[in-house]
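Residues per chain, in single letters:
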Amino acid sequence: MSIRDQVVAVMSGLGFQLGELADGASMQDLGIDSTELVEIVVALEKHFAISIDSEVQGTVTSVGDLVSRVSDLLATDVAMKG
Amino acid sequence: MDGVAVTGIGAATPAGIGLDALWTSVERTRACITGIDRFDASGYACPAAGQVGFTAAEHLPARFIKRTDRFTHLAVFTARQALADAGVRVGVDVAPERAGVMVGNVLGGWEFAERELRKLWTEGMRAVSPYQATAWFPAAPQGNICIDLGIKGPARTFVADRASGAYAILRGAETLLRGQADVVLAGGVEAPLSPYGWLCLETSGLMAKARAGQQPGALYRPFDAGHSGTVFGEGGLFLVLERRESARRRGVEIYGEIAGWGVSTDGYMPYYTVEPTGRVLARAMRAAVTRSGVAPREVGAVFAHGSGIPVEDVTEGYAIREVFGDAADHLPVTAPKAGFGHLLGAAAPVDVALALWAMRLGLVPATVNLERSAPGLDLDLVQGGPRRIGRWEHSLVVCRGLGGVNACLMVRR
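Before going further, it helps to examine the overall build of chain B. Broken down by element type, chain B carries 13 helices and 16 strands. Relative to the compact-globule value of 22 Å for 413 residues, chain B shows a C-alpha radius of gyration of 20 Å, a close match.

Here it is in structure tokens:
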């Protein structure tokens, strides 16, 4: 399963509809407030065993951003574990 | 002086969804208290409750359900029902800042909270839901109703034990009469069916004790010689209140009015008991009668607090006698909550709705399980089946709470 598919799966477990999670869907469009963003981040951290920057608030503004952030962290992880 | 009209009712009770289901159950003197199946209640002194057949997922979105407790689900659902019943759309029929919400609640959202507390102690802080703070606190229904319906006027939550809902209604009425709002949703909600929530009620000393061989439906026995306490339940009921004149202008059907109210506080020691002569409760009753501009003999029925706690039952009887004197010989007293449970924050709103409907039909419902009047009681109790008494205009609703809270409402046809 691609990283994107896994992010979508985690989010649909939190009540989101598959159809609304396009890359371009913004946090604002989806009505995701700061508390729900925390919930999503914690769920993604748990699923991928990574630690996402706590200042994700302003920098992640779309589903695509979330996927990129997770991908970057996983790539860094792999690189560090060598 | 203008009056306060009830123009909409939304309900979810152990008798079913809606006022019709509630009235039908009450008219048939049905017991719909059952053994608790929401969690393992076998270790509790009272393993019976009034349970609501309400599945949040059938009415509310998943992303709302996950961040809120059941008591908020019930509140938002019944608030919507009430407004729809009154034909009021916030932002269309009433300006958002002229609409208000008054909620009675006792325990908050323990089903959600205790699940998160368990995670705190077994998995650590990070495992606790970020929604915990806003899901548990007793004002969650108020806030979520406002968000859901776009209400921006006066909003408040009242926590006064079993009199919470009465306070919400009287404050709703006051808000309208002071011109602070034009439409107020006033009511209450409770969802105590979780291991810890139920434990809070068990340790309160208020609950009926199950006796071997006794069916769940037979445990709650207000005013009966076998009374031993209260059986609680979950539920929500909201009234739409608006000034009588504006209701008439809208041409909407009026269920009746909130004609008056009275409050007092026993302030008696120990904390968990009541003033033994009932005279302080009588003061609240008399204030409600006086404020509604009628004489005691014009009150046609009493929808009693009816907790089934022996000392509360008897002192409620003393208070009724003190206020109504000889007229109490022919003043029907009933506690329909014996059939579906005491709904805590929702109890008073449910009694008001039942009183309104009873007056419309000319029928005083009976108290379930009332076979033999308890010693010390000298009241005209309605038992067996509903009593047809022809048309009457005023019903007194009585509510009491721990700490000696007394809150009475006068409901007018």
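This part takes up helix α1 (residues 19-27) of chain B. Residue and element names in this part refer to chain B. Of the residues making up α1, those classed as buried are L19, L22, W23, S25 and V26. Around the axis of α1, the buried residues are gathered within 165° of arc, so they sit on the same side. Looking at the packing, one finds that the buried side of α1 touches β1 (4-13), β2 (16-17), α12 (337-340) and α13 (347-361). One or two residues past the end of α1 sits T29, with phi positive at roughly 55°.

On average, chain B scores 97 in pLDDT, and the residues at 70 or more come to 100%. Model confidence for the complex is summarised by a pTM of 0.96, with the ipTM given as 0.91.

Before going further, it helps to examine the environment of G384 of chain B. Considering the arrangement of structural elements, one finds G384 of chain B in the loop between β13 (380-381) and β14 (387-388). For the pair G384 of chain B and L370 of chain B, spaced 14 residues apart in the sequence, the C-alpha separation amounts to 7.3 Å.

Turning next to the packing of helix α7 (residues 164-177) of chain B against α13 of chain B. Relative orientation of the contacting elements α7 of chain B and α13 of chain B amounts to 65°, with a least axis distance of 6 Å. Only A347, A348, P349 and V352 of chain B of α13 of chain B make contact with α7 of chain B, whose side of the interface consists of G165, A166 and I169 of chain B.

This part covers the interface of chain B and chain A. Contacts between the two partners involve six residues from chain B and, on the opposite side, six residues from chain A. Each residue belonging to the side of chain B that touches chain A can be placed in one class, and the counts come to three nonpolar, no polar and three charged.

Here chain A shows a mean pLDDT of 90. Residues at 70 or above account for 95%. Predicted confidence in chain A is weakest over helix α3 (residues 56-59) of chain A, with a mean pLDDT of 75, and strongest over helix α1 (residues 3-12) of chain A, with 96.

This part is about the packing of helix α4 (residues 110-123) of chain B against helix α8 (residues 195-203) of chain B. Residues and elements named next belong to chain B. Their axes nearest at 7 Å, the elements α4 and α8 cross at an angle of 115°. When the axis of α4 is compared with that of α8, the two are roughly perpendicular. For the pair α4 and α8, the contacting residues are W110, E111 and E114 in the first and P195, Y196 and G197 in the second. A per-class count over the contact of α4 with α8 returns three nonpolar, one polar and two charged.

Often, the extent of an interface is quoted as the loss of accessible area on bringing the components together. All names here are of chain B. By the assigned domains, chain B splits into domain 1 (4-256) and domain 2 (260-412). Once you take the C-alpha centre of each, domain 1 and domain 2 turn out to be 21 Å apart. Listed by partner, the interface residues are 62 residues for domain 1 and 56 residues for domain 2. Where the side of domain 1 that touches domain 2 is concerned, the elements lending two or more residues are β1, α1, α7, β7 (183-190) and β8 (235-243). At six residues, the largest contribution of residues to the side of domain 1 that touches domain 2 is made by α7. Of the residues belonging to the side of domain 1 that touches domain 2, the class tally is 35 nonpolar, 19 polar and eight charged.

To continue, consider the pairing of strand β5 (residues 99-104) of chain B. The side chains of a regular strand alternate, residue by residue, between the two faces of the sheet. All names here are of chain B. Of all six residues that make up β5, six are buried, and the element is covered over most of its length. Along β5, one buried face is formed by A99, V101 and V103 and the opposite face, lined by G100, M102 and G104, is buried too. Relative to β7, β5 runs parallel, the two being bridged by six bridges. By the bridge assignment for β7, G104 is matched with G188.

So, about α13 of chain B. All names here are of chain B. In this model, α13 (15 residues) spans 21 Å end to end at C-alpha, consistent with the 21 Å of a helix rising 1.5 Å per residue. Across the 15 residues of α13, 13 count as buried, placing the element largely inside the fold. Phi turns positive one or two residues past the end of α13, at G362, with a value near 75°.

Rules and cut-offs
Residues numbered from 1 in each chain as written. Chains lettered and ligands numbered in written order. Predicted model: local features only at pLDDT ≥ 70, side-chain atom pairs only at ≥ 80, totals over all residues. Helix = DSSP H or I, 4+ residues; strand = E, 2+ residues; numbered from the N terminus. Rg over C-alpha atoms; globule rule 2.2 N^0.38 Å. Buried ≥ 20, exposed ≤ 12 C-beta atoms within 10 Å, placed from the backbone. Arc of directions from axis to C-beta. Contact = placed C-beta atoms within 7 Å. pLDDT = per-residue confidence, 0-100. Axes fitted to C-alpha atoms, helices over the stretch in contact; angles between N-to-C directions. Nonpolar A, V, L, I, M, F, W, Y, C, P; charged D, E, K, R; others polar. Parallel < 35°, antiparallel > 145°, perpendicular 65-115°, else oblique. Domains from an automatic or database assignment. Pairing = 2+ DSSP bridges. Expected span 1.5 Å × (residues − 1).

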